[in-house]
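Topology and contacts: notes
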Amino acid sequence: MGNLWIGPPGAMTEIDQAAKSFDRSADLGVTEFKSLGGRVTVTRYPNPVRRMKLSWDLLAPAHARVLDRLARRVDGPGPLYVVDPAAGNVLGATQAGGLGVAGSTTVTGLAQWFRTSATGTLAESTAQPGAFVFTAADATSVVAWRCAGTTGNFPVAPGLQVSFRVPAAFAALATVSAGFDFKKADGSYLSSVTAAGPLVGATVPAGAAYLTPVARPGAAGGPYSLAGACLAYGAVAEAGVPGDGLPPMSVTGYSDSPGRPLPYRSISVDLVEVSGAAG
């Protein structure tokens, strides 16, 4: 398990001091109504919202200043991203399972993936509506994963350790390879890393603000299920890990008090998942 990283894409800061308190519970949006007859009706939001509460005692001044700037939006409105050391898979929950809304071509469905090659086909499974598959036309066919947040690419920062494991149906192929395309802050291409087999690991290079994980079956075939992929930050990607997602977040609460001894400080930060780029 790695450390917590927090900040905007390309400029996330690693906080290597463990938080005294770390609550990552999702807000399920559940409302319960009990009738006079004793029956209970439950309503809920269609998508749970991630919330985080973090606090540190005697945090080093350099890290305290980073959190202070982020909370007060000194460097811009956001959004922020939090690389959660407790998350084993930053792909979206449905994305990791190769699932989505049946018939949807947005990031709730088919658009969770895209081709980076001229060949290959992404489609909804005819046998299982809401499940998605990739068919390789030849050895050059490549499929990529799209972040469901506001960026399209997965936010990173130079020096961050990343790892990607291809879906289970791909991992069974002797010809499969996995890789990363690293991109600059403007989304333009920077560099790539590729490894033969179902697993690739890398250190995010200087100048990178985003990455795109990719998989190449290596030969014509399919359709291959997209279930079982894993993208891990600060750890080795493992098979069968549920997706936690990597949503854009905004600071909604903040406290900063002098520590004893100075110049250490006691810091707490509350964050909530947001949908707008302004955070």
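Keep in mind that what you see is a predicted model, and the values were worked out from it rather than measured. (Residues numbered from 1 in each chain as written. Predicted model: local features only at pLDDT ≥ 70, side-chain atom pairs only at ≥ 80, totals over all residues. Heavy atoms only, no water.)

1. A look at the overall build of the protein
What counts is decided by this rule: The way it works is that DSSP assigns letters per residue, a run of H or I at least four long becomes a helix, a run of E at least two long becomes a strand, and they are numbered from the N terminus. When we talk radius of gyration, it's over C-alpha atoms, and the globule rule is simply 2.2 Å times the number of residues to the 0.38. Working definition: with a 1.4 Å probe on protein chains only, accessible area under 20% of the residue-type maximum means buried, over 50% means exposed, and in between means partly exposed. In what follows, residue pairs with any heavy atoms lying within 4.5 Å of each other are defined as contacts. All accessible areas in this document rest on Shrake-Rupley with a 1.4 Å probe, and a residue is counted as covered only by the protein chains that are shown.
Per the secondary structure count, the protein includes 3 helices and 22 strands. In terms of overall size, the protein behaves like a compact globule, its C-alpha atoms giving a radius of gyration of 20 Å where 279 residues would be expected to give roughly 19 Å. Viewed in the frame of its principal axes, the protein has a C-alpha envelope of about 65 × 65 × 30 Å. The burial tally for the protein puts 41% of its 279 residues in the buried class. Taking all contacts inside the protein whose residues are at least 6 apart in sequence as the whole, residues at least 24 apart take part in 69%. With an accessible surface of roughly 13100 Å², the protein has 56% of that area assigned to carbon and sulfur atoms.

2. Describing the pairing of strand E7 (residues 49-59)
Keep this limit in mind: Paired strands, as defined in this entry, are two strands with at least two bridges between them according to DSSP.
Bridge analysis of strand E3 (residues 21-23) against E7 gives 3 bridges, and the strand direction is antiparallel. Following the sheet pairing, Ser21 is matched in E7 by Ser55. Alignment of E7 against strand E22 (residues 265-273), held across 7 bridges, turns out to be antiparallel. Pairing of Leu54 across the sheet is with Val269, part of E22.

3. A closer look at the environment of Cys147
Looking at where Cys147 falls in the secondary structure, it is placed in the loop between strand E12 (143-145) and strand E13 (154-155). Relative accessible area serves as the criterion here: at 3%, Cys147 is assigned to the buried category. Separated by 56 residues in sequence, Cys147 and Leu91 have C-alpha atoms that sit 7.2 Å apart. Setting aside chain neighbours within four positions, we find Cys147 in contact with Gly152, Asn153, Phe154, Pro155 and Leu246.

4. Description of a nonpolar patch on the surface
What counts, and what does not: Patches in this entry comprise residues that are over 30% relatively accessible and not in a salt bridge; like charges within 9 Å are linked, as are nonpolar side chains (Val, Leu, Ile, Met, Phe, Trp, Tyr) within 5 Å. In what follows, salt bridge is the name for a side-chain nitrogen of Lys or Arg lying within 4 Å of a carboxyl oxygen of Asp or Glu.
The grouping of Leu28, Val30, Val40 and Val42 at the surface amounts to a nonpolar patch, some 320 Å² of accessible area in total. Judged by relative accessible area, which is 49%, Val42 ranks as partly exposed.

5. A short note on the sheet that holds strand E11 (residues 132-136)
We count it as follows: Think of each axis as a best-fit line through the C-alpha atoms, taken over the contacting stretch in the case of a helix, with angles from 0 to 180 degrees between the N-to-C directions.
The 3 strands are arranged E10-E11-E19 in an open sheet whose pairing can be described as antiparallel. Two strands lie at the open edges of the sheet, namely strand E10 (121-124) and strand E19 (221-225), each paired on one side alone. Across the sheet, the mean angle from the axis of one strand to that of its neighbour is 25 degrees, orientation sign disregarded. Across 3 bridges, E11 lies against E19 in antiparallel orientation. Within E19, the residue paired with Val133 across the bridge is Ser225.

6. Some points on the pattern of salt bridges
Taken as a whole and judged by the stated rule, the model has 8 salt bridges. Taking the shortest distance from any N to any O, the salt bridge between Lys53 and Asp270 comes out at 3.5 Å. One end of the pair, Lys53, is in strand E7; the other, Asp270, is in strand E22, and 217 residues separate them in sequence. Here Lys53 falls in the partly exposed class, since its relative accessible area comes to 44%. For Arg72, the salt bridge goes to Asp68, with nearest N and O atoms at 2.8 Å. Classification of Arg72 by relative accessible area gives exposed; the value is 52%. Residue Asp68 is classed as buried on the basis of its relative accessible area, which comes to 14%. If you follow the salt bridges from partner to partner, you end up with Arg24, Arg50, Asp84 and Asp244 in one network.

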